[in-house]
Amino acid sequence: MLSRKGFIGPIGDDLPSLIPIVTGLVIFFSVFVLTLNTYNEKNVFLERQMDMTTVARDIKGDSLILNWSQFNHRCNEMKLRRYPYSFMIAIYNNEVDVTKVIDEFKGLNLDDYDSIISSENEFSFLGQKTDEGNKNFFCSYLRVGGREFSENKRQYTVRFYPIAVQQPIGVNTSNVNATQFLIVPAVMAMVVWE
């Protein structure tokens with residue numbers, strides 16, 4: 001009896017080999033879950049970027065805005081869809097200061113949308129004369145349950161897209177039915193937030 005090695009039991013004999021197996025499984029599944037979470041975060045980011053690009057493409061079309069009515073029609077069609085984020089789009093002349101764009105967007109009150117699109121205000125949006133008066137190229141969408149863009153928003157994305165805007169010219173610039181037009185280079189600014 002003294003020469004026989006001790007028999008602990010079926011689990012006791014296999015315990016030294018179970019510890020590395022369990023440790024290996026814990027490490028494997030931890031790395032798997034971490035990789036899956038990173039993959040899902042990147043997918044959400046890419047989907048947001050693709051949605052934002054789709055909205056910008058729907059608004060700017062072939063990068064030539066013929067008039068304010070066309071821009072407004074595209075904006076109203078885009079508002080019929082449901083998006084998981086809020087955004088504002090404005091068209092500026094091509095010499096706009098980027099910091100001025102963000103400051104103007106932070107100061108907007110979307111509840112007073114009609115005063116934003118009328119050009120009798122302090123904003124530097126590109127505008128156009130229409131039958132209803134001067135109108136700014138501005139469009140906004142506030143998601144269901146979303147809040148307005150403010151100085152408190154820390155996570156927002158800004159994109160700038162080069163476009164061209166057709167503007168009527170002539171001796172009498174108040175003539176909306178002018179037959180001569182000038183293609184003006186411009187920048188479409190888009191701010192997206194949650």
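Right above here is the structure, for reference.
Described below are features of the structure shown in this document. (Residues numbered from 1 in each chain as written. Predicted model: local features only at pLDDT ≥ 70, side-chain atom pairs only at ≥ 80, totals over all residues. Heavy atoms only, no water.)

Some thoughts on the state of the cysteines
Throughout this description, disulfide means a covalent bond between two cysteine sulfur atoms.
Okay, so step 1: The full count for this structure, using the stated rule, is one disulfide.
Okay, so step 2: Sulfur-sulfur distance for the disulfide between Cys-75 and Cys-139 comes to 1.9 Å. Taking the torsion about the sulfur-sulfur bond, which here is approximately 80°, the covalent link between Cys-75 and Cys-139 counts as right-handed. Of this pair, Cys-75 sits in helix H2 (residues 68-79) while Cys-139 is found in strand E5 (residues 138-141), placing the two residues 64 residues apart along the sequence.
Okay, so step 3: Judged by relative accessible area, which is 0%, Cys-139 ranks as buried. (Disulfide = S-S within 2.5 Å. Helix = DSSP H or I, 4+ residues; strand = E, 2+ residues; numbered from the N terminus. Buried < 20%, exposed > 50% of the residue type's maximum accessible area, 1.4 Å probe, protein only.)

Quick look at the side chain of Lys-60
Okay, so step 1: Topologically, Lys-60 is positioned in helix H1 (residues 10-60).
Okay, so step 2: It is Asp-62 that comes nearest to the buried, bridge-free Lys-60 among opposite-charge side chains, at 8.2 Å.
Okay, so step 3: With sequence-adjacent residues up to four places away left out, Lys-60 is seen in contact with Ile-65, Arg-74, Tyr-161, Ile-163 and Met-188. (Lys, Arg positive; Asp, Glu negative; His and termini not counted. Salt bridge = Lys/Arg side-chain N within 4 Å of Asp/Glu carboxyl O. Contact = heavy atoms within 4.5 Å.)

What about H2?
Okay, so step 1: Its twelve residues give H2 an end-to-end C-alpha distance of 16 Å, which sits within 8% of 16 Å, the value for a rise of 1.5 Å per residue.
Okay, so step 2: Those residues of H2 lying buried are Trp-68, Phe-71, Asn-72, Arg-74, Cys-75 and Met-78. On an axial view of H2, the arc spanned by its buried residues comes to 160°, and they lie on one face.
Okay, so step 3: A side-chain oxygen of the first residue of H2 lies 3.3 Å from the backbone nitrogen of Ser-69; this N-cap is Asn-67. (Expected span 1.5 Å × (residues − 1). Arc of directions from axis to C-beta. Polar contact = N/O pair within 3.5 Å; in protein donor to acceptor, adjacent residues only side chain to side chain.)

Description of the sheet that holds strand E2 (residues 86-93)
Okay, so step 1: Spatial strand order, E1-E6-E7-E2-E5: five strands in an open sheet with mixed pairing. The open sheet is flanked by strand E1 (64-65) and E5, the only strands paired with a single partner.
Okay, so step 2: Where E2 lies against strand E7 (residues 180-193), eight bridges are found, and the strand directions are antiparallel. Bridging from a neighbouring strand, Met-88 pairs with Val-191 of E7. (Pairing = 2+ DSSP bridges.)

Let's talk about the packing of aromatic side chains
Okay, so step 1: For the structure on display, the rule yields eight aromatic pairs.
Okay, so step 2: Aromatic pair Phe-71 and Phe-137: ring centres 5.5 Å apart, planes at 80°, arrangement edge-to-face. Taken as a pair, Phe-71 in helix H2 and Phe-137 in the loop between strand E4 (133-136) and E5 lie far apart in primary sequence, 66 residues in all. With respect to burial, Phe-71 and Phe-137 carry one shared label: buried.
Okay, so step 3: Following the ring pairs from residue to residue traces out a cluster consisting of Tyr-83, Tyr-85, Phe-87 and Tyr-141. (Phe/Tyr/Trp six-rings, centres within 6.5 Å; stacked < 30°, edge-to-face > 60°.)

Quick notes on the nonpolar core
Okay, so step 1: Core analysis: the largest hydrophobic core is formed by 43 residues, its most contacted members being Phe-87, Ile-89, Ile-91, Phe-105, Phe-138 and Met-190.
Okay, so step 2: Going through the elements one at a time, H1, H2, E2, helix H3 (98-106), helix H4 (113-117), E5, strand E6 (156-169) and E7 are the ones with two or more residues in this core.
Okay, so step 3: Broken down by element, this core gets its largest block of residues, seven residues, from E7.
Okay, so step 4: Once residues lying within four places of it in the same chain are set aside, the contact partners of Phe-87 are Val-55, Met-78, Cys-139, Ser-140, Tyr-141, Met-190, Val-191, Val-192 and Trp-193. (Core = buried A, V, L, I, M, F, W, Y, C linked by side-chain atoms within 4.5 Å.)

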